[in-house]
Structure formats: structure tokens, C-alpha cells
Amino acid sequence: MEIILEILHDTWMMIPLLYITYCILEIFERKDSSDDSMFYSLQKYGPLFGAIVGLIPQCGFSILASMLFLQKNITLGTLIAVMIATSDEAIPILLSNPSMYSSLIQLLISKFIIAVVVGYFVDYILERKQKIIHFEEMEDDEYEEDEQEQDGNNACPCCYTQYPLPVSALLRTLKIYGFIFITSLVLTLLIEGIGIESLERILLTNSIFQPLLTALFGFIPNCAITVVLAQLFSMGGISFGSLLAGLITNAGLGLVCLIRYGATKKEILKVFVIYILLLL
């Protein structure tokens, strides 16, 4: 009981900051989706705009990018840029912890640079002969049908859009805080039960293999993974490089959508090969 009260005392101030963050995010997420400027920008500016969009903490963007790629509306490099830049719930968690602001800035800059460089490398070196279907070349009926399909598949399972904004933001806040509390409790119990030295061995602390471990962990397609990585970093369990590696490979549900909605084995293999080369 004492451990629980201690964790509550150390983390409860995150709740109002998380709530404010999610309220702001909900405002942007609930804007009228009839504005297609984002789609056109992804085509026109490619990986550059893809990296910018990916930095917004919303897993729906990786889903959107996957669907656009499957329809041949954006390049592979643009898709990769969105996936690399995506961080899901890690950004709200770091925002709710003022001591992590400098690390958050470094994280955003690093992910943006890596996403842009890798995205353009894919498009101009690895995949130079990609055929893209431009929106203006699509028939109106076909475009409207595709847009409706995108809207249906772009729903973020972490959001609660069926409720009013304040309620949805509160539910998201409580859900993520629950993940944070459980992660903190488990780590505290592990430290007391097996000792900090044993835990450091498990997490490969100060090892060159820790980023590889977190990168593999990041491939699990669930927003809870980004919560665990962010909380481990906040508590000193993993290094900044390990956090970055884990968040780079965690592309939200983008990879799941590629597999589920008919990406070829060759396309899926290309995505994983690019990730592996990036980690090496």
C-alpha cells in the first residue's frame, strides 16, 4: 500500500497536464475531414510533409499513410517518413513531465531529421521508379469512394470520438495514466524484489544491445508500448538512444494496416528491410 501511495504522489500531477494535452489534440483531430489539403501535401512534398505529420501524436496518421500508399497515392519514402516520425503516446507523456522537455525537443528533432533523410533516400535511391496516382487524375466517383474508405480506416482505436471532446480527452488521460501507473508500479516492485542491478541486466543498461532490444519491443503494434518506453526513459531505465530506437520502430497501427489491407509480401518486406538497415 505504501508503494502505491508513493507512486500516486509522484505521478498525480501528470493528470492535469495530460488532460490539457489531449484536449488540444482532440480539437485538431475533430476538424472537418473534408479538407483534402493534407492528402495533396503528402503527394507534393513527400517525406518532408510526411515527417511533419508523423510528429503529431496521433496514430491515425500512420493508418492514413498506409491506406494512401496501398492506393498508390503516396510514395514508399513518404510512408516510411510518417512511420519513423510517429511516436503515439510518448509525446503527451513527456509533455506532462516538465523535467523531460529538453529530451522531448531532442526526440522530435532527431525523429524529424531521420524521417526526412530516410524517406528521400528511399524515394530517390532505392525506389526511383515508383508510379504514383495523383488525386487530380482520379475520377471523382473513384476519389470519393477512396476517401470514404480512408475515413473509415483512419479511425484511431485509442480515441473516443463518440463522446464529447472533454469526456473523450478525460478517458484518454485516465487510460494513459493507468498505463503509466502500472509501469511505475511494476518497475518499483522489480527493483525492490530483484534489485536494481538485476533489473539493469534485464534491460541491458549501458549495453550497446539495449537500443536493439527496445527497437524489437517497438515493433509491437500497440500504443501501450510507447507508454512503457517513455516511462522507462523518464525513470532512467533506458537511454535516450534506446527510447529513440523503440519509437522509430513503433509505427502505430500503420504496419498492421499494410498487412491487413492487402500489401504485397514484397512491399511488407521492403518496409522491414528499411527498418533493419536503419537500425544497423
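Located above this text is the structure these notes cover.
Criteria and thresholds
Residues numbered from 1 in each chain as written. Predicted model: local features only at pLDDT ≥ 70, side-chain atom pairs only at ≥ 80, totals over all residues. Heavy atoms only, no water. Buried < 20%, exposed > 50% of the residue type's maximum accessible area, 1.4 Å probe, protein only. Helix = DSSP H or I, 4+ residues; strand = E, 2+ residues; numbered from the N terminus. Arc of directions from axis to C-beta. Contact = heavy atoms within 4.5 Å. Expected span 1.5 Å × (residues − 1). 1 Å grid on protein atoms, 1.4 Å probe; cavity = no way out; pocket = protein on both sides within 12 Å on 5 of 7 lines; lining within 4 Å. Points joined across faces, edges and corners; volume = space filled by probe spheres on them.

**Student:** Which residues make up helix 1 (residues 2-11), and what values go with them?
**Tutor:** Of the residues making up helix 1, those classed as buried are I3, I7 and T11. Buried residues of helix 1 fall within an arc of 55 degrees about the axis and therefore sit on the same side. Among the exposed residues of helix 1, those oriented more than 90 degrees off its buried face are E2 and H9. Structurally, helix 1 contributes buried residues whose contacts are with helix 2 (14-29) and helix 10 (165-194).

**Student:** Give me helix 2: which residues, what numbers.
**Tutor:** Helical geometry: 3.6 residues make up each α-helical turn, so side chains three or four residues apart lie on a common side. Relative to the 22 Å expected for 16 residues at 1.5 Å per residue, helix 2 spans 22 Å between its end C-alpha atoms, a close match to the ideal helical length. Buried within helix 2 we find M14, L18, T21, Y22, C23, L25 and E26.

**Student:** Give a detailed account of the layout of surface pockets, specifying residues and quantitative values.
**Tutor:** There is about 250 Å³ of room inside the second largest pocket. Lining of the second largest pocket is provided by 18 residues; of these, Q43, G46, T75, D123 and Y124 occupy positions nearest its centre. No other element matches helix 3 (residues 37-45), which puts four residues into the lining of the second largest pocket.

**Student:** Outline unusual backbone geometry, listing residues and values.
**Tutor:** The phi angle at K72 is positive, at roughly 65 degrees, despite the residue not being glycine. Residue position: K72 is located in the loop between helix 5 (60-70) and helix 6 (76-85). Non-glycine residue N206 carries a positive phi angle of around 65 degrees. Looking at the element boundaries, N206 is found in the loop between helix 11 (196-202) and helix 12 (210-218).

**Student:** I'd love a proper account of the environment of S207, names of residues and values included.
**Tutor:** Its location among the elements puts S207 in the loop between helix 11 and helix 12. As a C-alpha pair, S207 and S239 span 32 residues in sequence and 9.8 Å in three-dimensional space.

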